[in-house]
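Structural description and commentary
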Amino acid sequence: MAGAEAVADSTSEGFFAKIGAWLQSTHIPEQVKDVDIVALFTNPWFIVPFAALIGYLIWKQSFNELIIIAVFIVLWWLSGTEYMQTLVVDGELQVKKVLPVLAGASVVLGFIVYLFFGRS
């Protein structure tokens, strides 16, 4: 059994290493970090399809999906705040600052789970 666990661990590490290397080669984290939100929401090539999607979801009364989109937008905004930038100082994780983030994330995740599975 130990041999099978070692093979599984090395396979999963290799798999995730390949995904990490691919993400670094495409520079996706830097591209997401460098997005100009004001320019994005004034660009008609983004805002017209985004408004059409929101309008379609309202028309179909898909409020669960609208809430999920709003959560992603808020998380994107929160990730750029000064508070999030100071979670790690000099290579050390600030536990007193991380605990409220984890508590908020668990509440949001619980709410999303409730939206999809709590009501029928």
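Up top is the structure these notes are about.
Residues numbered from 1 in each chain as written. Predicted model: local features only at pLDDT ≥ 70, side-chain atom pairs only at ≥ 80, totals over all residues. Heavy atoms only, no water.

Details of the packing of helix 4 (residues 44-59) against helix 5 (residues 63-79)
Where helix 4 contacts helix 5, the axes come no closer than 9 Å and their chain directions differ by 145 degrees. Two secondary-structure elements touch here, helix 4 through F50, L53, I54, L57 and I58 and helix 5 through E65, L66, I69 and I73. Taken together, the residues of the contact of helix 4 with helix 5 sort by class into 8 nonpolar, no polar and 1 charged. (Axes fitted to C-alpha atoms, helices over the stretch in contact; angles between N-to-C directions. Helix = DSSP H or I, 4+ residues; strand = E, 2+ residues; numbered from the N terminus. Contact = heavy atoms within 4.5 Å. Nonpolar A, V, L, I, M, F, W, Y, C, P; charged D, E, K, R; others polar.)

A short note on the side chain of N64
With respect to the secondary-structure elements, N64 resides in helix 5. Among the polar contacts made by the side chain of N64, one reaches the main-chain carbonyl oxygen of L115 at a distance of 3.4 Å. (Polar contact = N/O pair within 3.5 Å; in protein donor to acceptor, adjacent residues only side chain to side chain.)

Looking at the packing of helix 5 against helix 7 (residues 95-118)
Look at helix 5 against helix 7: their axes get within 10 Å of each other, and the N-to-C directions meet at 165 degrees. Judged by the inter-axis angle, helix 5 sits roughly antiparallel to helix 7. As helix 5 runs across helix 7, the sense of the crossing is left-handed. In this structure, helix 5 contributes N64, E65, I67, I68 and V71 to the contact, and helix 7 contributes V108, F111, I112, L115 and F116. (Parallel < 35°, antiparallel > 145°, perpendicular 65-115°, else oblique. Left-handed = near helix turned anticlockwise from the far one by under 90°.)

Here we look at the packing of aromatic side chains
Evaluated as defined, the whole model comprises 4 aromatic pairs. When the ring of F41 is compared with that of F50, the centres are 5.8 Å apart and the planes differ by 80 degrees; the resulting orientation is edge-to-face. Plain terms: the ring middles of F46 and F50 are 5.4 Å apart, the flat faces sit at 15 degrees to each other, and that makes the pair stacked. Of the two residues, F46 and F50 both sit in helix 4, 4 residues apart, roughly one turn of that helix. Taken together, the aromatic side chains of F41, F46 and F50 make up a single cluster linked through ring pairs. (Phe/Tyr/Trp six-rings, centres within 6.5 Å; stacked < 30°, edge-to-face > 60°.)

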